[in-house]
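Close look at the chain arrangement
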Amino acid sequence: MKVISYNLNKHKAIGELSDLVESTGADILCLQEAVSSDLPSEIGDLHLAEATARNRLGLALYYRRNIFDAREVRSLALKKSLHDRVLKPAEERMLAVRLHDIDLGREIIVASFHAAPLTALNSLRRKQIQAALEELSSLGPDLPILMVGDYNYPVFKENLGQHVRESGYELTLSDARTYTRYKFFRGHYDFATSVGFDIATITTLPQGRSDHLPILITAEPRALAPREP
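Since the model is a prediction, treat every value here as computed from it, not as a measurement. (Residues numbered from 1 in each chain as written. Predicted model: local features only at pLDDT ≥ 70, side-chain atom pairs only at ≥ 80, totals over all residues. Heavy atoms only, no water.)

A look at the pattern of salt bridges
- Inspection of the entire model under this criterion finds 10 salt bridges.
- R64 is paired through a salt bridge with D45; the nearest N and O atoms lie 3.4 Å apart. Linking R64 in strand β5 (residues 58-64) with D45 in the loop between β3 (42-43) and β4 (46-51), this pair joins segments that are 19 residues apart in sequence.
- Under the relative-accessibility criterion, R64 is labelled buried at 13%. (Salt bridge = Lys/Arg side-chain N within 4 Å of Asp/Glu carboxyl O. Helix = DSSP H or I, 4+ residues; strand = E, 2+ residues; numbered from the N terminus. Buried < 20%, exposed > 50% of the residue type's maximum accessible area, 1.4 Å probe, protein only.)

Re the packing of aromatic side chains
- As enumerated under the stated definition, the model contains 3 aromatic pairs in all.
- Among the aromatic residues, those joined into a ring-pair cluster are F113, Y151 and F191. (Phe/Tyr/Trp six-rings, centres within 6.5 Å; stacked < 30°, edge-to-face > 60°.)

Here we look at the pairing of strand β1 (residues 2-7)
- Of all 6 residues making up β1, 5 are buried, and the element is well covered by its neighbours.
- In this fold, β1 hands off to helix α1 (residues 17-24), which returns the chain to strand β2 (residues 28-34); that crossover is right-handed. (Right-handed = clockwise from strand over helix to strand, strands pointing away.)

Quick look at a positive patch on the surface
- Residues K10, K12, R56 and R209 make up a contiguous surface patch of positive charge.
- Mapped onto the elements, K12 comes out in the loop between β1 and α1. (Patch = residues over 30% accessible without salt bridge, like charges linked within 9 Å, V, L, I, M, F, W, Y side chains within 5 Å. Areas by Shrake-Rupley, 256 points an atom, 1.4 Å probe, with all protein chains shown as cover. Lys, Arg positive; Asp, Glu negative; His and termini not counted. Charge placed at Lys NZ, Arg CZ, Asp CG, Glu CD.)

Some thoughts on helix α3 (residues 122-139)
- Compared with an ideal rise of 1.5 Å per residue, which puts 18 residues at 26 Å, α3 spans 26 Å between its outermost C-alpha atoms and is within 8% of the ideal.
- Within α3 the residues assigned to the buried category are N122, L124, R125, Q128, I129, A132, L133, L136 and L139.
- Contact partners of the buried residues in α3: β6 (68-77), β7 (92-101), β8 (106-114), β9 (145-150), α4 (157-166) and β11 (190-195). (Expected span 1.5 Å × (residues − 1). Contact = heavy atoms within 4.5 Å.)

Let's talk about unusual backbone geometry
- The backbone of K10 sits at a positive phi, close to 55°, despite the residue not being glycine.
- With relative accessibility at 53%, the residue K10 sits in the exposed group.
- One non-glycine residue, N152, lies in the positive phi region at around 50°.
- Topologically, N152 is positioned in the loop between β9 and α4.

So, the sheet that holds β7
- Judged by pairing direction, the sheet is mixed, and its 6 strands sit side by side in the order β6-β7-β8-β9-β11-β10 without closing on themselves. Looking at strand neighbours, the two that pair on one side only are β6 and β10 (170-172), the edges of this open sheet. Averaged over neighbouring strand pairs, the angle between their axes works out to 20° when direction is ignored.
- Seen against the sheet, α4 touches β10 and β11 and runs at an angle of roughly 145° to β10. (Pairing = 2+ DSSP bridges. Axes fitted to C-alpha atoms, helices over the stretch in contact; angles between N-to-C directions.)

Focus: the environment of R54
- By the element assignment, R54 lies in the loop between β4 and β5.
- Residue class for R54 comes out exposed when judged on its relative accessible area of 52%.
- Along the primary structure R54 and A77 are separated by 23 residues, whereas in three dimensions their C-alpha atoms are 9.5 Å apart.

Some thoughts on the sheet that holds strand β13 (residues 215-221)
- The mixed open sheet is built from 7 strands, whose spatial order is β3-β4-β5-β2-β1-β13-β12. The open sheet has two edge strands with one neighbour each: β3 and β12 (197-204).
- Where β2 meets β5, 5 bridges bridge the pair, whose relative direction is antiparallel. By the bridge assignment for β5, C30 is matched with L61.
- Strands in contact with α1 are β1, β2, β3, β4, β5 and β13; relative to β1, the strand with the most contacts, it is inclined by about 155°.

Section: α1
- Taken together, the buried positions of α1 are occupied by L17, L20, V21 and T24. The arc enclosing the buried residues of α1, seen along the axis, measures out at 95°, which places them on a common side. Of the residues in α1, the exposed ones pointing more than 90 degrees away from the buried face are D19, E22 and S23.
- Contacts made by the buried residues of α1 are with β1, β2, β3, β4, β5 and β13.
- Among the residues trailing α1, G25 stands out with phi positive, at a value near 70°. (Arc of directions from axis to C-beta.)

Given below as structure tokens:
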């Protein structure tokens, strides 16, 4: 399974998505900072599952319909930073879809996530991540979960990784930095948290019009444990 996560930087990179999906063979596309009203229902072979409606800059998730059926969609408003309260860029910061894998006959959960901006404290972002992961777990007990997006967490990721592991999840970074706009803040912003998935690779793709670089996650849900006789 191939999943792309891309912060479009105020929708600037929308025109790159068709070529990006085609060149990578992506099965799922997770977007941040998209203008929901300007999103097409189809991007290449991917279909729009849902886009957030209450955000000035929103989240969206596309999936390949010959592989998956969308069973349930859920968005989540998280604790707000001062930036959110004043400028109101994002009411909903997590968008999740429970997908049924047609060939495997099982379900997974994939989510697009966008944490509070750098003007907020890391402690607030950790609370947002924790709340998002708890909400995802409620979508389906024991289902594999993959949450990708812009975590806005360029430093002290070891501390974040510890918090994520304490919640039963794994944190995986890409192979190269994903944000290049400001020299001091360059680093890994876009990555994945998961449970029940084997993450083979997370590759940072070439930069386009956004200040974020898209990432390509190659992952597979772990095999189900055999039932007790």
